[in-house]
Amino acid sequence: MKRKLTAICMIFATAFAVVACQSSDKSQTNNTKDKTETQTVKERIANSIPDRYDDYGETKPADYYVKADGFDYDYSNLNYKLVWSDEFDYEGLPDESKWTYDIGKGQGGWGNGELQKYTDKGNAWVKDGKLTIELRKEQDEFGKDMYTSARIKTKGKADFRYGKFEIKAKLPKGKGTWPAIWMLPSSTTEYGGWPMSGEIDIMEHVGYLQNIIHSNVHCQKYNGLDGSNKGWAKKVEGVSEEFHTYGFEWLPDKLIFTVDGETIFTYDPDEYVGNSKNVTKDEWPFDKEFHLIMNIAYGGSWGGSSGTDDECLPQQMQVDYVRVYQSDVISALAEKEK
Ligand SMILES: [Ca+2]
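This structure is a prediction, so every number in the text was calculated from the model and none was measured.

Assigned secondary structure in the protein consists of four helices and 17 strands. Each of the 338 residues in the protein was classed as buried or not, and the buried ones make up 47%.

Attention now goes to the confidence of the model for the protein. Low pLDDT marks stretches whose predicted atomic positions should not be read closely. Of the residues in the protein, 79% have a pLDDT of 70 or more, and the chain-wide mean is 84. Here residues 2-60 scores under 50 on pLDDT; set against residues more than four positions off or in separate chains, the count is 105 contacts.

For the rest of this paragraph, the subject is the nonpolar core. Grouped together as the largest cluster of nonpolar side chains are 60 residues, with contacts concentrated most on I167, I181, M183, I200, I202 and V319. Excluding residues within four positions of it along the chain, I167 makes contact with I181, I202, Y246, V319 and V322.

Attention now goes to the environment of D282. Tracing the backbone shows D282 in the loop between α3 (269-273) and β16 (290-298). Accessibility expressed as a C-beta count within 10 Å gives 24 for D282, which makes it buried. Sequence separation between D282 and P195 is 87 residues, and the spatial gap between their C-alpha atoms is 9.0 Å.

It is worth spelling out unusual backbone geometry at this point. Of all residues except glycine, most have a negative phi; of all peptide bonds, most are trans. The amide bond that connects W194 to the next residue, P195, takes the cis arrangement and shows omega of 5°. With respect to the element layout, P195 can be found in the loop between β9 (177-185) and β10 (199-204). Along the chain, L313 connects to P314 via a cis peptide bond; the corresponding omega equals 0°. Tracing the backbone through its elements, the reader meets P314 in the loop between β16 and β17 (315-327). Phi at N79 takes a positive value of approximately 50°, unusual for a residue other than glycine. As for its placement among the helices and strands, N79 is situated in the loop between α2 (35-52) and β1 (80-86). Residue classification places N79 among the exposed residues on the basis of 11 C-beta atoms within 10 Å. Of note in this structure, D260 is not a glycine but carries a positive phi near 50°. Among the secondary structure elements, D260 is positioned in the loop between β14 (255-259) and β15 (262-267).

To continue, consider the sheet that holds β16. On the basis of which strands lie adjacent, the open sheet formed by seven strands has the order β2-β7-β16-β9-β10-β11-β12 and antiparallel pairing. A single partner strand is all that each edge strand has here, and the edge strands are β2 (100-102) and β12 (230-235). Sheet twist, expressed as the average angle between the axes of neighbouring strands with direction ignored, equals 20°.

With that out of the way, let us pick up the pairing of strand β11 (residues 212-218). Across the seven residues that make up β11, a large majority, six, are buried. Bridge analysis of β10 against β11 gives four bridges, and the strand direction is antiparallel. Looking at β11, one finds that D201 is bridged to N216. As defined by bridge partners, β11 adjoins β12 across six bridges and the pair is classed as antiparallel. Each bridged residue has a counterpart across the sheet, and for I212 the counterpart in β12 is K235.

It is worth spelling out the environment of K81 at this point. Within the secondary structure, K81 sits in strand β1. With 83 residues separating them along the chain, K81 and K164 place their C-alpha atoms 9.3 Å apart. Filtering out sequence-adjacent residues up to four positions away, K81 remains in contact with Y325 and Q326.

This part is about the pairing of β17. When β1 meets β17, the two strands line up antiparallel, connected through six bridges. Across the sheet, residue Y80 finds its bridge partner in β17, namely S327. Two strands pair when backbone bridges link them, and strand β5 (residues 130-139) and β17 are joined in this way by five bridges, in the antiparallel orientation. Across the sheet, the residue bridging to E134 is Q316, located in β17. Bridge count between strand β8 (residues 163-170) and β17: seven bridges; the pairing is antiparallel.

Below, the discussion takes up the environment of V329. Secondary-structure assignment places V329 in helix α4 (residues 328-337). Owing to 17 C-beta atoms within 10 Å, V329 belongs among the partly exposed residues under this scheme. Separated by 252 residues in sequence, V329 and N77 have C-alpha atoms that sit 8.8 Å apart. In contact with V329, not counting residues within four places along its chain, are Y73, L78 and N79.

Conventions used here
Residues numbered from 1 in each chain as written. Predicted model: local features only at pLDDT ≥ 70, side-chain atom pairs only at ≥ 80, totals over all residues. Helix = DSSP H or I, 4+ residues; strand = E, 2+ residues; numbered from the N terminus. Buried ≥ 20, exposed ≤ 12 C-beta atoms within 10 Å, placed from the backbone. pLDDT = per-residue confidence, 0-100. Contact = placed C-beta atoms within 7 Å. Core = buried A, V, L, I, M, F, W, Y, C linked by C-beta atoms within 7 Å. Pairing = 2+ DSSP bridges. Axes fitted to C-alpha atoms, helices over the stretch in contact; angles between N-to-C directions.

As structure tokens, then:
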């Protein structure tokens, strides 16, 4: 859920995910559920681009070739080592040496039309070995209903390039809820603003599709603006009742998404481009540092596309741990390619 624009992507991803869930054919077709809706959203996005993305970098030429194939490593022997984690074995606010906040309603473009306001006080806390992010309805100073939640991220505290990520979490439930565990680039100077520098959605869940876990990749060539983002979805029973482990393995030539160790989706740019020599940063901007983000949104372009139900509030996402592993083998390859 990248809020930075993720929102948008969601609409398409949703439809796409539904299609994905119902089909055994893994062909990645654009979501053409509703041409009219697609057009409307595209227009809306186009109109808002000057405001939304003016803090991003310049567009680079499309033929900015990157190495996304031919890395020589033994996948069965990567020797991953834990390099960063939060076990949430303390009490109080999330560890400020590891986490920071996005605050507000997404002014400037990352809000996706969502209803909640993100705070840095009261909507995220650590207790009993777990992080809790709470989405709730409360009253503002004028007595008007408002929704608050939290969106925490490691940006500037822990930025990663390649590795294996494991997040054990229990998700909120109810129409309109839209929790996400995802990653955005820590700098867009090189490849440009969304979607040029990419987005990695490790786990997204929308309340009106209970127990369907979505993983998605956005980049310049394939993204939610036209529903061409690449991803898949998987039915996982009890995501709001039990903890499940959402995993992401980021290799120099592919991205692998898992739930409880089972693969949901693998993004391999060669599959789409045909010839690995033709891979550009438009299909593979995933050779720069990204950071982790966790949040619960309410409503918005995807979460709210079937309405919202305040009766379900408050809702929480609980996270038992976040663990990041890296491989010396991959790090050495990556260093060579820099
Ligand atoms: Ca824990």
